[in-house]
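Here's the letter readout for the chains.
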Amino acid sequence: MNAPAVSTVLCLRLRRPDGEPPDAQAYAGVLTLLGGFTPVVQALPPDTVLADVRGALRYFGCGPARLAALIRVRCLALYGVDCAVGAAGNPLLARMAVREARPGHTLVIPDEPAAVREFLAAKPVAALDGVGPKAARTLCSYGLDSVGRVAAAPPATLRRILGARAGREVHERALGIDRSPVRPGAAARSLAAERAFGLDELDPVRHRRALLSLTEELGARLRTQQQVCRVVSLTVRCADRSTLTRTRTLAEPTAHSAALTSAAYRLYAGLGLQRARVRALALRLEDLTPAERAAHQLSFDPQDDKARRLEAVTDRVRARFGPHVIARGTLAA
């Protein structure tokens, strides 16, 4: 008789007792703590960590839920940080599981096809990582509004609807397949920043202003490091402590703040928050590559060219006199 398959990837979402993300020191401490259990730890700042724990499960002779409980106790005792934990057979499923896990609890998805299908089947297609609002609307227009229906659709149909590469990737994700490993030391492949509001914020104008501030900051950091990003991920933390996350793959890698702002605004609009009470907004730029290796589509728009030249000038001024010497009028108001 075969032993049941064991979930080997943990995704931790870290929170202080007041529901806020941990500070940088506590976050670094948790990474060090996890390094004592497994060398395969991937930081996803500001509040998430992935860990491949297959070796730790054998060493401690326990299941993922018990190991997660041990990690949680140590996080609380040493750093005052609690965590929700998602456990699954790959990073995609672990990230999806942690979104449904309550603070202080672990949601385990057994690494078995039947359990994966049951977990995914009824979820809206937009819940899949990498499926943005536009792709979700396209799939829904064909009646493919749930992950289960996408999984049951012929792969050739999805390729015709979304294109060859996107169709193949979405079909695999709908089946719970994720070929990406947990990448130790992969924090350098992403940049993240957060804006927390003093009071729960209802005004969409202030939400967008915070997003503009985030894209200006992260765009400048990218250009300073001579990198570009391909993926933008927006996380909205609401007053009831729930979180909403959406991810968008850009048409081409960029470090241009205007392009990042446009992507962030689209992600925000796709959430349909309306008058939601928002506690904080976090933006993460992923899939970073050196700028010199990225292709750039030439633009004949003089305004875009002017914006890029102005961006280069402001970067030089900030490098010499400090990051806050120049700010957009909408941010300085």
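Structure: above.
Residues numbered from 1 in each chain as written. Predicted model: local features only at pLDDT ≥ 70, side-chain atom pairs only at ≥ 80, totals over all residues. Heavy atoms only, no water.

1. Quick word on the side chain of glutamate 20
- Position of glutamate 20 relative to the elements: it lies in the loop between β1 (9-15) and α1 (24-35).
- Classification of glutamate 20 by relative accessible area gives buried; the value is 16%.
- Among the polar contacts made by the side chain of glutamate 20, one reaches the side chain of arginine 237 at a distance of 2.6 Å.
- Ignoring anything within four residues of it in the chain, the contact list for glutamate 20 reads Arg15, Arg237 and Arg279. (Helix = DSSP H or I, 4+ residues; strand = E, 2+ residues; numbered from the N terminus. Buried < 20%, exposed > 50% of the residue type's maximum accessible area, 1.4 Å probe, protein only. Polar contact = N/O pair within 3.5 Å; in protein donor to acceptor, adjacent residues only side chain to side chain. Contact = heavy atoms within 4.5 Å.)

2. Focus on the pattern of salt bridges
- The tally for this structure, following the rule as stated, stands at 18 salt bridges.
- A salt bridge links arginine 179 to glutamate 172; the nearest nitrogen and oxygen atoms lie 3.0 Å apart.
- Residue arginine 179 is classed as exposed on the basis of its relative accessible area, which comes to 64%.
- For glutamate 217, the salt bridge identified is with arginine 221, shortest N-O distance 3.3 Å. In this pair, glutamate 217 and arginine 221 both sit in helix α10 (residues 204-224), four residues apart, roughly one turn of the helix.
- Judged by its relative accessible area of 28%, glutamate 217 falls in the partly exposed class.
- Given a relative accessible area of 29%, arginine 221 falls into the partly exposed group. (Salt bridge = Lys/Arg side-chain N within 4 Å of Asp/Glu carboxyl O.)

3. Concerning the packing of α1 against helix α3 (residues 64-79)
- Contact pair α1 / α3: the axes reach a minimum separation of 10 Å and the direction vectors enclose 140 degrees. Our classification of the angle between α1 and α3 gives oblique. Of the two elements, α1 crosses α3, and the hand of that crossing is right-handed. On α3, the residues that touch Ala26, Gly29, Val30, Leu33 and Leu34 of α1 are Ile71, Arg74, Cys75, Leu78 and Tyr79.
- In terms of residue class, the contact of α1 with α3 is made up of eight nonpolar, one polar and one charged. (Axes fitted to C-alpha atoms, helices over the stretch in contact; angles between N-to-C directions. Parallel < 35°, antiparallel > 145°, perpendicular 65-115°, else oblique. Left-handed = near helix turned anticlockwise from the far one by under 90°. Nonpolar A, V, L, I, M, F, W, Y, C, P; charged D, E, K, R; others polar.)

4. Considering the pairing of strand β3 (residues 48-52)
- For β3, the tally of buried residues reaches five of five residues, placing the bulk of the element in the interior.
- By the alternation rule, side chains of β3 split into Thr48, Leu50 and Asp52 and Val49 and Ala51, which are all buried.
- Of the strand pairs in this sheet, β1 and β3 are connected by five bridges, and their pairing is antiparallel. Across the sheet, cysteine 11 pairs through a bridge with leucine 50, a residue of β3.
- In the sheet, strand β2 (residues 41-44) pairs with β3 via four bridges, with the strands oriented antiparallel. Bridge pairing in β3 places valine 41 opposite alanine 51.
- Here β2 hands over to β3 after three residues, the two strands then running antiparallel side by side. (Pairing = 2+ DSSP bridges.)

By themselves, these observations are geometric and do not establish any function.
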